[in-house]
Amino acid sequence: MSTELKIGVVGTGAIGRTHMERINERLKGAKVTACSDANEDFGRSAAEKYGCKFYADGEAMIASDHVDAVVVTTLDPYHEQYVMAAVKAGKYVFCEKPLAPEPEACRRIVDAEIAGGKKLVQVGFMRRYDPGYRQLKEVIHNRTYGEPLMLHCAHRNASVDESYTTPMAVENSMIHEIDVLRWLLDEEYDTAEVVFAKNTKRAHKNLMDPQIMILTTKSGVRIDVEAFVNTGHCYDIKCEVCCEDAILNLPEPASIQVCADAHRGHAIDSDWSTRFVEAYNIEFQEWINGVKAGRVDGPTAWDGYVGQVTAAAASKARDTQTVVKIEMDEMPEFYRQDIGR
Ligand code: ISE
């Protein structure tokens, strides 16, 4: 492997382009050398912009000597195909969340990775890299304030368009909480429930908004997550952890205090890409460093599988308005050393 990691990106939409720019302009040790997109003109324009070779065939790009490692940022239903191609080629692959929309597809990736005998897949759950969540994790892990008992969380977006439907609150937005909270607490979920609040005037024809997801963990911790994706004014992520001896809150990103027009306050983000930009940078730099050292030390294919099993249970709970038990396969030995990372 050359000193500079050669990265091939499949899927050159908004998030793909952001990662291409991040890798080339802000991070160390890697360059985007190739890209591919089902929309040829669009993909070629990305290749031109970021100075890399365009491949019409994503699988050919993955197999070529032109790339050492792969980033998958296609539409969700195509993730499996390209992650599998990378595993087959024995190349490290970073796949944006979700690993695949259905748990069965995630399980197929897990099985292929185990069959290949080497951990190659990392899933883009970037919240684990946010400095605020990392501070929370340390205090919870050390039991500095006793056992965590309850968590109250919120996932608020400024607005979503008409293509965002009711199931997406769980599957597209709260999937982040599903992952980061099980990592934070270092334990698995037991049940899921989803209830609706009064619908906002900004909800669309196919969207019930807000919704509240309630999860319990195996040890009995109770979690509620509000998803309110049409607040009309902010991107706001809250995570309050009630422990036996203290209440912990996720820190807000730092911003200057402004005193003007008889108000004192500070601006907050209106979009997830700016709120979590630091997390994305840390996530990708650590992934590059890990790949160069020959290891994956972020969220694994197994984490991707667990996330989708939990999301599927929460979706069933929403559709049936019942509490659903979360049942999944036993964790293979292959992933056991990753527990608690
Ligand atoms: C989006 O897909 C994301 O991943 C964002 O992090 C999340 O906040 C947003 O709600 C999703 O639509």
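In case you missed it, the structure is sitting above this.
Residues numbered from 1 in each chain as written. Predicted model: local features only at pLDDT ≥ 70, side-chain atom pairs only at ≥ 80, totals over all residues. Heavy atoms only, no water.

Take the pattern of salt bridges next. As enumerated under the stated definition, the model contains 23 salt bridges in all. Across the pair E177 and R127 runs a salt bridge, and its minimum N-O distance is 3.0 Å. Of this pair, E177 sits in helix α7 (residues 168-185) while R127 sits in the loop between β6 (121-124) and α6 (131-141), and the two are 50 residues apart along the sequence. By relative accessible area, which is 1% here, R127 ends up buried. A cluster of three or more residues bridged by salt bridges with shared partners is formed by R128, D179, R182, E188 and D303. (Salt bridge = Lys/Arg side-chain N within 4 Å of Asp/Glu carboxyl O. Helix = DSSP H or I, 4+ residues; strand = E, 2+ residues; numbered from the N terminus. Buried < 20%, exposed > 50% of the residue type's maximum accessible area, 1.4 Å probe, protein only.)

Okay, the site of the ligand next. The environment of the ligand is formed by K97, M126, H155, N157, Y164, N172, S173, H176, Y235 and W272. Y235 has a polar side-chain atom sitting 2.7 Å from an oxygen atom of the ligand. Looking at which element gives the most residues to the shell around the ligand, the answer is α7, with three residues. Per-class residue counts for the shell around the ligand are four nonpolar, five polar and one charged. (Near = heavy atom within 4 Å. Polar contact = N/O pair within 3.5 Å; in protein donor to acceptor, adjacent residues only side chain to side chain. Nonpolar A, V, L, I, M, F, W, Y, C, P; charged D, E, K, R; others polar.)

Below, the discussion takes up the packing of aromatic side chains. By the definition in use, this model includes seven aromatic pairs. Relative to Y335, the ring of W302 lies with its centre 6.1 Å away and its plane at 25 degrees, an arrangement referred to as stacked. Of the two residues, W302 is situated in helix α10 (residues 301-320) and Y335 in the segment after β15 (324-325); the sequence distance between them amounts to 33 residues. For the pair shown, W302 and Y335 are each scored as buried. Ring pairs connect the aromatic residues W302, Y305, F334 and Y335, which therefore count as one cluster. Sitting over the face of the ring of F42, R17 holds its NZ or CZ atom 4.2 Å from the ring centroid. (Phe/Tyr/Trp six-rings, centres within 6.5 Å; stacked < 30°, edge-to-face > 60°. Lys NZ or Arg CZ within 6 Å of the ring centre and 35° of its normal.)

Now for the sheet that holds strand β9 (residues 211-217). Judged by pairing direction, the sheet is mixed, and its seven strands sit side by side in the order β12-β11-β7-β10-β9-β8-β15 without closing on themselves. At either end of the open sheet lies a strand with only one pairing partner, and these are β12 (247-249) and β15. Against the sheet, α7 makes contact with β7 (148-156), β8 (189-196), β9, β10 (222-228) and β11 (236-243), and its axis sits at roughly 150 degrees relative to β7, the strand it touches most. The sheet strands contacting α10 are β8, β9 and β15, and the helix crosses β8 at an angle near 40 degrees. (Pairing = 2+ DSSP bridges. Contact = heavy atoms within 4.5 Å. Axes fitted to C-alpha atoms, helices over the stretch in contact; angles between N-to-C directions.)

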